[in-house]
Amino acid sequence: MDVHGTVAEGFEPVRDAFVRNFTGLGERGAAVAVYRDGRKVVDLWGGARDVDGTAGTAPWRRGTAQVVRSATKGVAAAVPLLLHRRGELDLDAPVGEYWPEFKAHGKERVLVRHVLNHRAGLPVLDRPLTPEDALDPLRGPAAVAAQAPVWEPGTDHGYHALTYGWLLDELVRRVTGGRGAGQWIADEIARPLGLDLWVGLPEAEEAAGRAGRVGRLDEPEPSGPGSGPRLRPKRAVTEAYGDPDSLTRRAFAAITPFPDQNDPVYRAAALPAANGIATADGLARFYAALIGEVDGVTRGVRLFDPATMELARAEESAGPDRILVVGTRFGLGYMLHGSASPFLSPGSFGHPGRGGSLGFADPEAGVALGYVTNGFRKTVTADPRAQALVRAVRASLSDRPGTGSDVDRV
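On a predicted model such as this, the values are computed, not experimentally measured, just so you know.

What counts, and at which threshold
- Residues numbered from 1 in each chain as written.
- Predicted model: local features only at pLDDT ≥ 70, side-chain atom pairs only at ≥ 80, totals over all residues.
- Heavy atoms only, no water.
- Helix = DSSP H or I, 4+ residues; strand = E, 2+ residues; numbered from the N terminus.
- Expected span 1.5 Å × (residues − 1).
- Buried < 20%, exposed > 50% of the residue type's maximum accessible area, 1.4 Å probe, protein only.
- Contact = heavy atoms within 4.5 Å.
- Polar contact = N/O pair within 3.5 Å; in protein donor to acceptor, adjacent residues only side chain to side chain.
- Axes fitted to C-alpha atoms, helices over the stretch in contact; angles between N-to-C directions.
- Parallel < 35°, antiparallel > 145°, perpendicular 65-115°, else oblique.
- Nonpolar A, V, L, I, M, F, W, Y, C, P; charged D, E, K, R; others polar.
- Salt bridge = Lys/Arg side-chain N within 4 Å of Asp/Glu carboxyl O.

A. Representation of helix α1 (residues 12–25). End to end, α1 covers 19 Å across 14 residues, agreeing with the expected 20 Å (1.5 Å per residue, within 8%). For α1, every residue scored as buried is listed here: V14, A17, F18, N21, F22, G24 and L25. Looking at the buried positions of α1, the neighbouring elements they touch are β1 (3–7), β2 (29–36), β3 (39–47) and α15 (384–396). A positive phi of about 75° marks G26, the residue just after α1.

The following block contains the structure:
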């Protein structure tokens, strides 16, 4: 297996784990980047650019980007938090104060922070959207505005798998006078930091072939060192995903059928819950900029001040998740370290993407990680390939205690 890139001294365990993901876990094409104290210490890539490529397909190169699914949520969450820091958005104001049409069906009690901490009670749509409607910047928010909550807002939490994107995007539009989250990210985050990261892939980047093709990968059979144990989901999780009437199934079916993630039309749209496209370096550098300055031409650019960083990772929701069933922890827009989504340590915050990708930061260790893959597995929050890389980073930081060894697969 040819793996390319660089690893700083002391981070060789990450390279070894990355190679084992190919040899033991069936990785098809992937990249990982790690920053420590604003300096890139891991930059690796390997395999094929396209998951469905035949022999001789184009190799993954430096700068290959992929759809990162719900890892998009962590990037998008920075927008309302930065608007709050600028005094343009009150986290404790009702959403309807900015978006009057949203107040229907008792939603006048939904606060802005409820959108970010998954307590809005709006994870499902009674009438799922078609792919065409879902990609329309007006129809998705209109559907959420017309939806009645399925629990009393603020009283419980459950992962808003797809509706999170329409809620956040429309809220940002109302606050900014029409600029959606994807454009805000491009203008205020990606461009100043020089990130290869988009929520709405520009036509020029599509034409340049920046994004590879993604798809499902079968689970590999354990086949030796590095393959790990075969973990089975809990019965309650299996039942929730198997019941078409469960909140779990309905949350992930808010768009039915789900769009082709390799369609240029899908990749050009802005769905802040699901269709971000990034390189591993773009994702890692974003998280590095949340916790400090980043080396290079953008030295001095930092996204979160200390107060905003603490807002992002302060626990807002914890316990059994009405959608994911297992216990989850959320700050404001970010998943927090826990058994369902293990990061580096209890102070870490970030977001996985269903089936593989991961981005997170750990302020105490000064570490930020980005992992992207073209092969999606069944997991939602704790993919074995991503977890192998997290453990390798932890091993590389010899002065840190081990954490997060217990994992709930969902």
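That was the structure; now back to the text.
B. Focus on the side chain of S345. Tracing the sequence through the fold places S345 in the loop between β10 (335–336) and β11 (349–352). There is a polar contact of 2.4 Å between the side chain of S345 and the side chain of D362.

C. Inspection of the packing of helix α2 (residues 71–85) against helix α8 (residues 181–193) at higher detail. Packing of α2 against α8 leaves a shortest axis separation of 10 Å and a crossing angle of 75°. With respect to α8, the element α2 is oriented roughly perpendicular. Of α8, the residues touching α2 (which contributes V75, A76, A78, V79, L82 and L83) are A181, W184, I185 and I189. Classifying every residue of the contact of α2 with α8 gives 10 nonpolar, no polar and no charged.

D. Local environment of the pattern of salt bridges. Enumeration according to the criterion identifies 29 salt bridges in this entry. One salt bridge in this structure joins K40 and D43, with 3.5 Å as the shortest N-O distance. Relative accessible area serves as the criterion here: at 10%, D43 is assigned to the buried category. A salt bridge links E364 to R313, with the nearest nitrogen and oxygen atoms 2.9 Å apart. Placement of E364 in the loop between β12 (358–362) and β13 (367–373) and of R313 in helix α14 (residues 306–313) is noted, with a sequence separation of 51 residues between them. A single salt-bridge network, built from bridges that share partners, covers R86, R179, D187, E188 and R191.

E. Main features of the environment of G370. Along the polypeptide, G370 turns up in strand β13. Here the alpha-carbon distance between G370 and L89, two residues 281 residues apart in the chain, equals 28 Å. Ignoring any residue separated from it by four or fewer positions in sequence, one finds G370 in contact with A31, V32, A33, A280, L283, A284 and L358.

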